Amino acid sequence: MARQFAVFRSIRQWLKGWQHRSVRSFALLFAVGVGVSLAIAACSPTPDATGSASPASAPATTVVRIGHQKFDPLTLVKARNGLEKRLQPLGIAVEWTEFQAGPPLLEALNVGSIDIGRTGDAPPVFAQAADAPLVYIGGSAPKDKSSAVLVRPESPIQTVADLRGKKIAFAKGSSSNYFIVQVLESAGLSIDDIEPVYLSPGDARSAFEQGSIDAWAVWDPFYAAAEQQGARVVRDSEGLVANRDFYLASRSFAEQNSNVIQALAAETQAVAAWADDHPQEVTKILSPLLGIDEAVLDVVTRRRNYGFEPMNDEMIAEQQQIADTFFELKLIPKPVQVSDIVLNP
C-alpha cells in the first residue's frame, strides 16, 4: 500500500502549482501574456522576422527551445538524443524546458520563452480563446483507451446510467471535462444530471480514496495507478474521445522554421515506431525519469501513442467539437474556429 501511495504522490507533483488554478485565471494570464509579449520581444533575441526566406530555405533560428512534460512523447525524443543529431548539420542546437502541465507550457509559448511544445487536447482551446498567437503544427494518433470513469470496487454504480445524481470528480476545463460530457451523453444524460466536483487529479485521488466522491473521471497515468490499487472502470474512453497529443508553436516561429518542424516530426515519428516495438524498454527509460512504478507505466505505454502526424481534417473536427462543447458550457468566453490556427491546414 505504501508503494501505491508513493506512485500517486510522484504523479501528483507534476501538477503542483497548476491544480488550484481556475480556468478563468488561465485565460486571463494568456490575455496578459499577449499584451506583454511585445515588451519581452524588445529585450530578448528573436529569429529574423523579415519573412524573406522560403519554406525550403535554411531555418531562421540557431537554437530551438522545446517545452515538454514528464509523461510526454518529447521526453522520449529528448532521452534518445536523435533530434540533436538531425539538427546539428543545420547548425541548430536544442534547448529543453520541462513543464508540469499544458497550460503553463502554452503560457511560455505565448510570451516567447519557448518555440515549440506539446499538450493534450484541451489547453490549446483555451489558448485560442484567449487570442494567444499559436498554431497547431501536428498531432498524434488517438489514445482512445487512456481515460476512464472509475469507482471504488465496492461501489453500487455499475453503468453510466447509475451516475445520475452522483458526485463525480474531474479537472474543470481539462480533457476529462470533455470526456465526462461524452460519457453522460452516451447514456442520455447531461452534466446537469450529476454533481460535478472540480478537482485536480491529485486532490481527486484523495477524495476518491476517502469516499467523499462517487466516481472519478481521469486520464493515464492516474487511471492506470488507480486500477492497480483496485479501482473499477465504469466506462473507458474508447469510442467516445480521441485523447490526442497536439504539437504547437508560435506562429512567427512556425512560419520561419519549417525545416526545424520537419526534423522534429521525423524524429518523433522514428521514436514512436521504436516505442511501439520496444514497450518494455520505454518503461525502463521512463520509470526512473518519472518516479513511477514500472508496472503502471507498462499499462500506460501500451495504451498511448508517441507519434507526430500532420494535422488533418479529422483532428481539426475533433478539436472543434471540444471547443464548441466548452463554449456551450461557458468554459471559454467566445466561440473559436480551430482551423484558423492550423499551420497549412
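Refer to the structure printed above.
Please read all numbers here as calculations on a predicted model, not as lab measurements.

**Here's the deal with the overall build of the protein chain**
Thought 1: On a plain count of helices and strands, the protein chain comes out with 14 helices and 10 strands.
Thought 2: The long-range share in the protein chain, meaning contacts at least 24 apart out of those at least 6 apart in sequence, stands at 81%.
Thought 3: Roughly 14,800 Å² of accessible area belongs to the protein chain as shown, and the carbon and sulfur atoms make up 51% of that amount.

**Observations regarding the sheet that holds strand 3 (residues 116–119)**
Thought 1: In spatial order, the strands read 2-1-3-10-4; together these five strands make up an open sheet with mixed pairing. For this open sheet the edge positions go to strand 2 (93–99) and strand 4 (134–139), each flanked by a neighbour on one side alone. Pairwise comparison of adjacent strand axes, ignoring direction, gives a mean angle of 25° for this sheet.
Thought 2: Taken together, the four bridges between strand 3 and strand 10 (residues 246–250) define a ladder with antiparallel strand orientation. Of the residues in strand 10, the one forming a bridge with R118 is Y247.
Thought 3: Here helix 3 (residues 73–80) sits on the sheet and contacts strand 1 (63–69), strand 2, strand 3 and strand 10; the angle it forms with strand 1, its principal contact strand, is near 130°.

**A word on the packing of aromatic side chains**
Thought 1: Under the defined criterion, the tally for this structure stands at six aromatic pairs.
Thought 2: Taking 5.4 Å as the distance between ring centres and 75° as the angle between the ring planes, the aromatic pair formed by Y136 and F246 counts as edge-to-face. Remark: F246 occurs in strand 10 and Y136 occurs in strand 4; sequence separation between them is 110 residues. Taken as a pair, Y136 and F246 share a single burial class, namely buried.
Thought 3: Considering the side-chain rings of Y247 and F308, the 4.2 Å spacing of their centres and the 25° angle between planes classify their relative orientation as stacked.

**Here we look at the pattern of salt bridges**
Thought 1: For the coordinates displayed, the defined rule picks out 18 salt bridges.
Thought 2: Salt-bridge contacts for E267 lead to R86; the nearest nitrogen and oxygen are separated by 2.6 Å. On the criterion of sequence distance, the pair formed by E267 in helix 11 (residues 258–277) and R86 in helix 4 (residues 82–87) is long-range, its members being 181 residues apart.
Thought 3: Here E267 falls in the buried class, since its relative accessible area comes to 8%.
Thought 4: Here D131 makes a salt bridge to K334, at a shortest N to O gap of 2.7 Å. With D131 in the loop between helix 6 (123–129) and strand 4 and K334 in the segment after helix 14 (313–328), this residue pair connects regions lying 203 residues apart in the sequence.
Thought 5: Since its relative accessible area comes to 30%, K334 is described here as partly exposed.
Thought 6: When salt bridges with common partners are traced through the structure, they connect D72, R118, K143, D245 and R304 into a single cluster.

**A short note on the pairing of strand 1**
In regular strands, side chains alternate between the two faces of the sheet.
Thought 1: When you tally the buried positions in strand 1, you get five out of seven residues, the bulk of the element.
Thought 2: As judged from the seven bridges shared by strand 1 and strand 2, these two strands associate in the parallel manner. Among the inter-strand pairings, R65 is bridged to a residue of strand 2, identified as E95.
Thought 3: The sheet contact formed by strand 1 and strand 3 spans two bridges and is parallel.

**Quick notes on the environment of A101**
Thought 1: In this structure, A101 sits in the loop between strand 2 and helix 5 (102–111).
Thought 2: The class for A101 is buried, based on a relative accessible area of 1%.
Thought 3: As for A101 and G120, which are separated by 19 residues in sequence, their C-alpha atoms are 9.2 Å apart.

**Some remarks on the nonpolar core**
Nonpolar side chains in soluble globular proteins tend to be buried together.
Thought 1: Judged by nonpolar contacts, the single largest core of 49 residues is most densely connected at Y136, V149, L163, I180, V183 and F326.
Thought 2: Element by element, the count of residues in this core is highest for helix 7 (residues 175–186), at six residues.
Thought 3: Those residues in contact with I180 that sit more than four places away from it in its chain are V149, I168, F170, I191, I194 and A217.
Thought 4: Core analysis: the second largest hydrophobic core is formed by 38 residues, F253, I261, L264 and L290 among them.

**Section: the environment of V260**
Thought 1: Mapped onto the elements of the fold, V260 is located in helix 11.
Thought 2: C-alpha separation for the pair V260 and R86, spaced 174 residues apart in sequence, amounts to 9.3 Å.

**Considerations on the packing of helix 7 against helix 14**
Thought 1: Two elements in contact, helix 7 and helix 14, have axes separated by 11 Å at closest approach and are oriented at 85°. With respect to each other, helix 7 and helix 14 are oriented roughly perpendicular. Of the residues in helix 14, those in contact with N177, Y178, V181 and Q182 of helix 7 are Q321, I322, T325 and F326.

Analysis parameters
Residues numbered from 1 in each chain as written. Predicted model: local features only at pLDDT ≥ 70, side-chain atom pairs only at ≥ 80, totals over all residues. Heavy atoms only, no water. Helix = DSSP H or I, 4+ residues; strand = E, 2+ residues; numbered from the N terminus. Contact = heavy atoms within 4.5 Å. Areas by Shrake-Rupley, 256 points an atom, 1.4 Å probe, with all protein chains shown as cover. Pairing = 2+ DSSP bridges. Axes fitted to C-alpha atoms, helices over the stretch in contact; angles between N-to-C directions. Phe/Tyr/Trp six-rings, centres within 6.5 Å; stacked < 30°, edge-to-face > 60°. Buried < 20%, exposed > 50% of the residue type's maximum accessible area, 1.4 Å probe, protein only. Salt bridge = Lys/Arg side-chain N within 4 Å of Asp/Glu carboxyl O. Core = buried A, V, L, I, M, F, W, Y, C linked by side-chain atoms within 4.5 Å. Parallel < 35°, antiparallel > 145°, perpendicular 65-115°, else oblique.

Read these as geometric descriptors, not functional statements.
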